[in-house]
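# Results of the structural survey
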Amino acid sequence: MPRIPYFPRLLSEGASMKAFLLLLILLVLPQLAAGQDAGVAEGLYEADPARTLPWWWFFAPLSALLALLSAFLFYRGIMKRSEGNERMQEIASYVRQGAYAYLRRQYYVVGIFFAVVFLLLLLISLGLNVQHYLVAFAFLTGGFFSGLAGFFGMKTATSSAARTACAAEKSLDGGLRIAFRAGSVMGLTVVGLALLDNTMWFLYLYLVHHQLLGVEPMNLETIAMVMLCFGIGASSQALFARVGGGIFTKAADVGADLVGKVEAGIPEDDPRNPATIADNVGDNVGDVAGMGADLYESYAGAILAASALGVAAAVNMGHGVDTVFAFMVAPAMLAAVGIAASVIGILTVRGREDASMGALLKTLDRGVHVAAVLVIIGAVGVVWALGLPWSVLFAIIIGLMLGIVIGKGTERATAAEYRPTRTIAEQSSTGPATLIIAGIAEGMLSVWIPILAVCGGMLVAFGISGGFTDVLAGLYGIGIAAVGMLSTLGLTLATDAYGPVSDNAGGIAEMTDMPKHVRERTDMLDALGNTTAAIGKGFAIGSAALTALALLASYVEAVRIGMHREVAAAYVAPAEDQPYAVRDLGYGKFGIYLPGASGHVDSRKHFTLSAFESPGEHTRLVEVTHGRRAGETVELFIAETGSQARLAGLEDAEGNSLAARRAMLKDFMHYFDVTLTNPRVLVGVFLGVLMVFLFSSLTMMAVGRAASAMVSEVRRQFREKPGIMLGTDKPDYARCVAISTAGAQREMVLPAVLALCVPILTGLLLGVGGVMGLLVGTLTAGFAVAVFMANAGGAWDNAKKYVEAGNLGGKGSEAHKATVVGDTVGDPFKDTSGPSLNILIKLTSIVSIVVAGLIVKYSPMVSQFLGMG
Amino acid sequence: MKMHLYLICNRFEALVASQLEPDAFGAYMATGPLRQTTGEGEVLFIEIDEDRIGEPFDIEWARQHCVPHSDGSPKRSKYLSIYRVLEHIPMDAYGQLYMTTRDGRVLGIDHTDEEIPDNDGNSVNMYMELSPIKPLVVSSLGPADFIRFLTDFENPIHVPKLFMADMLVDMDEDGRLAAYLPYPNQEHIEECLRQVTSSGRRKATKTVNRNPAHGGFFRTIRRGFFLGNREKVLYYPFPDKATLDEHHHKWWRSASLG
């Protein structure tokens, strides 16, 4: 295989993904076509340049392509439909232009951010040797694909609203199909691109990388951990899409409502309201691009975390390479099954002309249930074909059930048919204060269902996978449950993204004076979208929590690899008469090195055992040959063994095999003193909780400021252009979109910097224990606060709708005024701060994983410098 | 440009000359020339036939002053009278009633020659008096009888002429005011209704609120508006919801706070 020295340069210069993928295919296909062994890879731990992949693995990338092809066909089908009359096209074009204007601005800011982080990642990998340099490139592809999914989703959604309204003129089913298929484009693009990114990188790392660069092939553990770090690209993109999108949409919504509706008495979706187009753009920005990026991150993160845990668990159990490989790729295979099931589920969604709201909801439910059943059937096949333990199947079912339970819990907490929202609504009769109190109280109470569901699901998935005897196996079960929950994301995201399309369709029908029967149909589609949106929010939070849990579990593996990377970088050649050299790196870290290393870092680490000093049952006694403690015999835990080191059969001073047993999770916990009596851990927990509240506060204040700017602008336009209200002058819609966009981009910088920097600073100051405390604090508090905010906001929103439906006095009553206040307070709760916490809990984990090596290497120095031991 | 005479007949009484057509005049009155985004609420006005308005008003003065601006734009408003206007306009001068929403949408309704509805199955009615006095009252009298009662000079409490709206007092199965009615202090309204119902002819009317709020005003109109004195009562029927939604959707959406 020829080497291509300019290959990395091509990537760094941002060559198109098309060229990159083409190159991969060109490199890989000849091997496959040569008819090499299609069985499970042999010689995994050898420098075997001719690895092959089993035939069934290709089901994963093919499924990804199926998702993208289906999305393309749905998109083409939608675009063939009429966009209606000139006025409808005009309104739709305003929304489209606004959406593009927002995306352009966001991608500009994100581009700068990515360039900076890319350089930092290169610095910590190539400069400090604490991370693999490919993480920097995968960071770009993860972010690029996530952004691409958002772009396609927005493009489809904003092109579909007018078409939905137009189709609804002929039939309800026509409108439903266009809106739902528009949502499906987003769902399928997200899962398709995420799985394609995942599988292409795996293909590259497993088959191509070592041949291309002439280095040792990576073992599966390294591949899994390097790929786990790839999640940071998707997470960073999600941060901007979710936080920025959340600020945009609520600034526009609150501005449109406060001035347009409350002050000027203009109804919803009235073209005289200058902020109405920004409001419609915001629906797409928040619930299409934002939600899509959020779930892209969860989806990619869950697959990567489960893969990493699978490899760790299988290696720990002492399985052979076939099983390790099966454990690693199982999440991607399940995702592939989920995609096929989602496509079938989407095709089953169609409504009847005389359908009621309940019937429409059942139609969507039918699609979701069909997909879930198909996933279970497919999972049976995957488990059987890969020879995985059947507990994996049960973990998948637990994940699927968790998704349903959390969705139903959200529905119960926010739908007007249930007690909590009714209670809140009834409090409106005594004014906004009691309504706010009731909303906060019910929102707080509502966290019990998702928290207990996640706790129960976590324990069952952990236990059923054997976690109480083998922790890593149990953690793998949790990771698989997260993948199971997200397996039908193609469909569940379609039901979420459907909401803004039908909402915008209703707006266009109103703004263009479409006939009554059309408005009735679009209203029905919109009402359905409101219900699915609330359930979708619960699903997004639940999946984020489960993904973050899987990432948290993977963190120790990242620490293990980080430590190994540091040790490998400090290679010393053993003396000629010694089988190995042992070097003291300080702070209890040791490297055990075999002879024969070349000069390349990636080569050396395969000849290395990393170890740390800590008392325990499975330590090894070795004599230190280099460093401050040279000549001493120390008791070491072996943290990680390179591939050659395992084969070398080295023994310690007592004749025990050095590579027989790696340090377990609890050994790391012991070494890093991750116990509740360690103040670093406790401080970390508190910092995690603080992060949640600080982040919520920042995002909420951002909405307040951006909304104030919007309010001033709308007032200005009414004041300076009296003809707007009389219908003789046109509002400046673009100005409102620009204000929301600028506000969103400006205001998201501080939360973004906070989310990225705090894990690093905490790690450097408080070490691994502090980071684990931070992750626990962020996850537990973040999950609870996110659920609270989403449910309280959703319940306030639906309490208002309940009153508007003609209860407690209906529109114009004092109760209605109180619920309008509640809804306005709840807007940033449910659409900005709550969803942004999804990102925070995942991003904190993924940043911690990416910088684990940095923390392992430098935090002891910082601690010593600060006199903290 | 043609000059119109409009009688503003809610919140305050005023006879206004204007060169604006009713739609533009309503929008202007509701939203103002330099809107400060603070809505002034709904506006009700009736077009007055200047040929029948009679002596008390100086129409010639209005004609002289209600002329286009120097830039050619129409004169929006020239006030002729702001005190005791309703009582001095003859009954045969009243034309269409225009209902203007907060955001300036206007819908005109004509008075009808149809028989004025009586109690229509409701033993008790609720009337929002709009001009010249403004209390909310419940009464066992039908609309025409109520106006005759309140404009009866022999009655110690009377006005020369009255403009009022007939309001919804639908009850639910529990005997409470229907949940969709936006009235504040509903227990008090229910108590007033009970008192009038149980008192027979002894207490035909009872004041509910001397200065009622107008929240959700248009969606609480029952049969329509009534204007009259002892001799004559004009009935402005309010369109049913289906008609409003079908033919006047934009107005109804604004009026019902859509």
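Being a predicted model, the structure only gives us computed values, none of them experimental. Sequence positions are assigned chain by chain, starting from 1 and proceeding in written order. Written order decides the labels, with chains lettered from A and ligands numbered from 1. At least 70 in pLDDT is required for a residue's local features to be given in this predicted model, at least 80 for side-chain atom pairs to be given and counted, and no such filter applies to totals for whole chains, interfaces and linings, which use all residues. Computation of side-chain values covers all heavy atoms of the structure but excludes hydrogens and water.

## Focus on the sheet that holds strand 9 (residues 162-167) of chain B
Residue and element names in this part refer to chain B. We count it as follows: Only strands that DSSP links by at least two bridges are regarded as paired with each other. Under the scheme used here, helices are H or I runs from DSSP no shorter than 4 residues and strands are E runs no shorter than 2 residues, and both carry numbers assigned from the N terminus. Axis definition: a line fitted to C-alpha atoms, limited for helices to the stretch in contact. Angles are taken between N-to-C directions and run from 0 to 180 degrees.
Taken in spatial order, the 6 strands line up as 10-8-7-9-11-12 in an open sheet, and their pairing is antiparallel. The open sheet is flanked by strand 10 (205-209) and strand 12 (233-237), the only strands paired with a single partner. On average, each strand axis in the sheet is tilted by 30° relative to the strand beside it, whichever way the strands run. As judged from the 5 bridges shared by strand 11 (residues 221-228) and strand 12, these two strands associate in the antiparallel manner.

## Quick notes on the domain arrangement of chain B
Residue and element names in this part refer to chain B. Just so we agree on the cut-off: A domain assignment, automatic or from a database, supplies the domain bounds used here. Here the quantity called buried area is the total loss of accessible area, with a 1.4 Å probe, experienced by two parts when brought into contact, counted for both. Residues adjacent in sequence count toward polar contacts only when both atoms are side-chain atoms; beyond that, a polar contact is any pair of N or O atoms within 3.5 Å, and within protein one must be able to donate a hydrogen and the other to accept it. Each residue is assigned to one of three groups, with Ala, Val, Leu, Ile, Met, Phe, Trp, Tyr, Cys and Pro labelled nonpolar, Asp, Glu, Lys and Arg labelled charged, and all others, Gly among them, labelled polar.
You can read the domains of chain B as domain 1 (4-109) and domain 2 (125-257). Taking both sides of the interface into account, the surface hidden between domain 1 and domain 2 amounts to around 2200 Å²; carbon and sulfur atoms contribute 73%. Broken down residue by residue, the surface that domain 1 buries against domain 2 is led by L86, M91 and L107, which jointly contribute 28%. The interface formed by domain 1 and domain 2 contains 6 residue pairs in polar contact (both at pLDDT 80 or more). Secondary structure elements with two or more residues in the side of domain 1 that touches domain 2: strand 1 (4-10), strand 2 (12-18), strand 3 (43-48), strand 5 (94-100) and strand 6 (106-109). Among the elements that take part in the side of domain 1 that touches domain 2, strand 5 stands out by supplying 6 residues, more than any other. For the side of domain 1 that touches domain 2, the per-class residue count stands at 14 nonpolar, 5 polar and 6 charged.

## A look at the packing of helix 10 (residues 321-347) of chain A against helix 16 (residues 471-486) of chain A
All names here are of chain A. Rules: Angular relationships are summarised with four words: roughly parallel below 35 degrees, roughly antiparallel beyond 145, roughly perpendicular across 65 to 115, and oblique for the angles in between. The sense of a crossing depends on the near helix, which, turned anticlockwise from the far helix by less than a right angle, makes the crossing left-handed and, turned clockwise, makes it right-handed. In what follows, residue pairs with any heavy atoms lying within 4.5 Å of each other are defined as contacts.
It is the contact of helix 10 with helix 16, at a shortest axis distance of 9 Å, that shows an interaxial angle of 15°. On the basis of the axis angle, helix 10 is roughly parallel to helix 16. Two packed elements cross with a definite hand, and for helix 10 against helix 16 that hand is right-handed. Each of F327, A330, P331 and L334 in helix 10 lies in contact with helix 16, whose residues at this interface are Y476, I480 and V483. Of the residues in the contact of helix 10 with helix 16, the class split is 7 nonpolar, no polar and no charged.

## Focus on the packing of helix 7 (residues 220-229) of chain A against helix 9 (residues 276-316) of chain A
Residue and element names in this part refer to chain A. Contact geometry of helix 7 with helix 9 gives a least axis separation of 8 Å together with a crossing angle of 155°. Between helix 7 and helix 9, the crossing angle belongs to the class labelled roughly antiparallel. In this structure, the crossing between helix 7 and helix 9 has a hand that is left-handed. Listed contacts from helix 9 to L220, E221, A224, M225, M227 and L228 of helix 7 are L304, A305, S307, A308, V311 and V315.

## Remarks on a nonpolar patch on the surface
All names here are of chain A. The cut-off we apply is this: Two distance rules govern patches: like charges are joined within 9 Å, and nonpolar side chains (Val, Leu, Ile, Met, Phe, Trp, Tyr) within 5 Å, applied only to residues with over 30% relative accessible area and no salt bridge. Method for areas: the Shrake-Rupley scheme with a 1.4 Å probe, in which residue coverage is limited to the protein chains shown. We count a salt bridge whenever a side-chain nitrogen from Lys or Arg sits within 4 Å of a carboxyl oxygen from Asp or Glu. Each residue gets one of three labels from its accessible area relative to the maximum for its type: buried under 20%, exposed over 50%, partly exposed in between, using a 1.4 Å probe on protein chains only.
Taken together, the side chains of V380, W384, W390, F394, V460 and I464 make up a nonpolar region of the molecular surface, amounting to roughly 620 Å² of accessible area. Among the elements of the structure, helix 11 (357-386) and helix 15 (448-464) are those that each provide at least two residues to the nonpolar patch. Turning to its location among the elements, V460 is positioned in helix 15. Relative accessible area serves as the criterion here: at 43%, V460 is assigned to the partly exposed category.

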